Amino acid sequence: MLRNKTKKKEKIDIVSNFIVLFFAIISLFPLYWLVTSSFKNSSDVVKMPPDWFPKTFTLSNYTDVFNNQPAFTWSYNSLFVALVSTFALIIVSTLAAYAFSKLKFKGKNIIFVIFISSLMIPKEVMIVPLFRLIQEFGMVNSLSGMIFPNIATAFGVFLLKGFFDTIPDSLREAAKMDGASEFKIFYKIMLPLVKPGIGALFILNFVQVWNDYLWQLIVGQDANSKTLMVGIATLMQDLNPNFAYKMAGATVAAIPMLLIFIFFQKYFTKGITLGSDK
């Protein structure tokens, strides 16, 4: 009886693995088609029936993107905005989350509820007043105008507070009895314990800022202040029917996000699973 149940379970696991593999292939196929099409000629991209694998590889699409367009400047702008915004957000979010989680002050719960309520407001609603504010500070056509609004978000505080809440208060009290200052407790003891949450926040915010097309389009109006997503989008709107050229531009825009996830997926997975378990 037990042996039959074991065999039945193995069959179910095999079927489940095949189903997961099938949907994984379907999910990855657009990425595969994007990358392979970037090495084709334009006529081969729209060819019917299509070539599922390029018969001839060409790098001319990538060289044209970087030679005919300021793609290096766009890439630098995107990396600078995404990295600076993410690191600044992590610093602000960890400090605020620690304060909401471990410190005691009057009106803490009310302030936190009001703070988190901002997550229910779509960013598109704030576009016009936010742009007017950036315009008053003279940050239009500057990378700082793209960075500062992305720092003042409540999501990072909401995410990291859950991690700080899982740390026993007795650990902080023991450190205070040993004479450690509040900043030393935060930096030396608390931060290392919430590394998985910081890793998850890094990936989520980096991808969000990297793909923040609308705000970057509004702020970066000059050619040299455009980010990679906005610059590549201009290629898509071009009347030039070179689809392989556009595929190469889209691939260049997608590569950094893939690399960030690959390098930080350990922290991302650990952070998400730890948060759900707690």
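Before reading on, note that the structure itself is shown above.
Rules and cut-offs
Residues numbered from 1 in each chain as written. Predicted model: local features only at pLDDT ≥ 70, side-chain atom pairs only at ≥ 80, totals over all residues. Heavy atoms only, no water. Helix = DSSP H or I, 4+ residues; strand = E, 2+ residues; numbered from the N terminus. Buried < 20%, exposed > 50% of the residue type's maximum accessible area, 1.4 Å probe, protein only. Contact = heavy atoms within 4.5 Å. Phe/Tyr/Trp six-rings, centres within 6.5 Å; stacked < 30°, edge-to-face > 60°. Lys NZ or Arg CZ within 6 Å of the ring centre and 35° of its normal.

Engineer: Now, about the overall build of the chain: what can you tell me, with residues and values included?
Structural biologist: A count of helices and strands for the chain gives 14 helices and zero strands. Scanning the chain from its N terminus toward the C terminus, one meets helices and strands in the order α-α-α-α-α-α-α-α-α-α-α-α-α-α. Here the chain holds 278 residues, and the buried ones make up 39% of them. Taking as baseline every contact in the chain between residues at least 6 positions apart, the subset at least 24 positions apart corresponds to 73%.

Engineer: Go over the packing of aromatic side chains, please, and point to the residues and values.
Structural biologist: This model, assessed by the stated rule, comprises 16 aromatic pairs. When the centroid spacing of 6.2 Å and the interplanar angle of 50° are considered together, the rings of Phe100 and Phe105 count as tilted. With a relative accessible area of 10%, Phe100 lands in the buried category. Here Phe105 falls in the partly exposed class, since its relative accessible area comes to 35%. Aromatic ring contacts, followed pair by pair, group Tyr98, Phe164, Phe183, Phe186 and Tyr187 into a single cluster. Across from the ring centre of Phe112, 5.0 Å away, lies the NZ or CZ of Lys161, which sits over that ring.

Engineer: So what's going on with the side chain of Gln216? Which residues, and what values?
Structural biologist: Tracing the backbone shows Gln216 in helix H12 (residues 213-219). Contacts of Gln216, omitting those with residues within four sequence positions, involve Val81, Met146, Val209, Trp210, Thr227, Met229 and Val230.

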